[in-house]
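# Notes for the structure review
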Amino acid sequence: CPAGMALSVLVILLLSVLYEAVKMGKAVLLRRALLALPRSLSQEALTQPQEGDSGPAQGSPSLMAFPISFPRWFWFHVGQTLFHVVQVVLGYMVMLAVMSYNAWIFLGAIAGSTLGYFV
């Protein structure tokens, strides 16, 4: 059915565009995470909250081991991890579609990747 094939090519094209968008989003998030890191990478600087954040209770070392509020760079890292999982899943889906050895699907993946990188 030609309509089914055209729809399949369109879906693969959109998945490829989404893959490139997630890849760029991950790069933007990495830049923000690097800017959120403290200048000093000592253990104290990494566990200290940023200015304006509410910090853990002072005194007990056991409370310092498990901070109540995580620093900003930690949340950027969680976001990067989620972006990475989405990127890997999309990449494997596009790869499995290309492995069908259909030339139109292959061209849809290439065109989607090109369009996604261009945009």
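Criteria and cut-off values
Residues numbered from 1 in each chain as written. Predicted model: local features only at pLDDT ≥ 70, side-chain atom pairs only at ≥ 80, totals over all residues. Heavy atoms only, no water. Patch = residues over 30% accessible without salt bridge, like charges linked within 9 Å, V, L, I, M, F, W, Y side chains within 5 Å. Areas by Shrake-Rupley, 256 points an atom, 1.4 Å probe, with all protein chains shown as cover. Salt bridge = Lys/Arg side-chain N within 4 Å of Asp/Glu carboxyl O. Helix = DSSP H or I, 4+ residues; strand = E, 2+ residues; numbered from the N terminus. Buried < 20%, exposed > 50% of the residue type's maximum accessible area, 1.4 Å probe, protein only. Contact = heavy atoms within 4.5 Å. Core = buried A, V, L, I, M, F, W, Y, C linked by side-chain atoms within 4.5 Å. UniProt positions renumbered as here; feature names shortened; annotations may be inferred. Phe/Tyr/Trp six-rings, centres within 6.5 Å; stacked < 30°, edge-to-face > 60°. Axes fitted to C-alpha atoms, helices over the stretch in contact; angles between N-to-C directions. Parallel < 35°, antiparallel > 145°, perpendicular 65-115°, else oblique. Left-handed = near helix turned anticlockwise from the far one by under 90°. Nonpolar A, V, L, I, M, F, W, Y, C, P; charged D, E, K, R; others polar. Expected span 1.5 Å × (residues − 1).

With that settled, the discussion passes to a nonpolar patch on the surface. On the surface, Val 88, Tyr 92, Met 95, Leu 96, Met 99 and Tyr 101 cluster together into a nonpolar patch covering about 680 Å² of accessible area. With respect to the secondary-structure elements, Val 88 resides in helix H4 (residues 72–98).

What follows is about the side chain of Gln 87. The residue Gln 87 is located in helix H4 in this model. Residue classification places Gln 87 among the buried residues on the basis of a relative accessible area of 9%. Not counting residues up to four positions away in its chain, the partners in contact with Gln 87 are Tyr 19, Val 22, Lys 23 and Lys 26.

Let us look at the nonpolar core. Counting nine residues, the largest nonpolar core is built from Val 9, Ile 12, Leu 15, Val 22, Leu 90, Val 94, Ala 97, Ile 105 and Ala 109. Counting residues per element, the ones that place at least two in this core are helix H1 (2–36), H4 and helix H5 (103–118). Looking at this core, the element that brings in the most residues is H1, giving four residues. Here Ile 12 is in contact with Ala 97, Ile 105, Gly 108 and Ala 109, once residues within four sequence places are set aside.

Time to look at the UniProt feature "transmembrane region" (unreviewed entry) in the protein chain. Summarizing the sequence annotation, UniProt attributes the feature "transmembrane region" (unreviewed entry) to residues 6–22 in the numbering used throughout. Overall, residues 6–22 shows 100% helix and 0% strand. The separation of its end C-alpha atoms is 24 Å.

Let us look at the pattern of salt bridges. All told, the structure shown has one salt bridge when counted by the stated rule. A salt bridge links Lys 23 to Glu 20, with the shortest nitrogen-to-oxygen separation between them at 3.3 Å. Here Lys 23 and its partner Glu 20 are both found in helix H1, three residues apart, which amounts to about one turn of the helix. A relative accessible area of 33% places Lys 23 in the partly exposed class.

This next bit is on the packing of aromatic side chains. What describes a pair of aromatic rings is the distance from one ring centre to the other and the angle between the planes of the rings. Overall, the coordinates contain one aromatic pair when judged by the stated rule. A centroid spacing of 5.2 Å and a plane angle of 75 degrees characterise the contact between Phe 74 and Trp 75, whose relative ring orientation is edge-to-face. Given a relative accessible area of 25%, Phe 74 falls into the partly exposed group.

All right, on to the environment of Ala 111 then. Tracing the sequence through the fold places Ala 111 in helix H5. With 94 residues separating them along the chain, Ala 111 and Val 17 place their C-alpha atoms 8.6 Å apart.

With that settled, consider the packing of H1 against H4. Contact geometry of H1 with H4 gives a least axis separation of 9 Å together with a crossing angle of 160 degrees. Here H4 runs roughly antiparallel to H1, going by the angle between their axes. Crossing handedness for the pair H1 and H4: left-handed. Its residues assigned to classes, the contact of H1 with H4 shows 17 nonpolar, seven polar and four charged.

With that settled, the discussion passes to H4. Taking 1.5 Å of rise per residue, the 27 residues of H4 would be expected to cover 39 Å, and the 39 Å separating its terminal C-alpha atoms lies within 8% of that figure. Burial in H4 covers these residues: Phe 76, Gly 79, Gln 80, Gln 87, Leu 90, Val 94 and Ala 97. Where the residues of H4 are buried, they touch H1 and H5.

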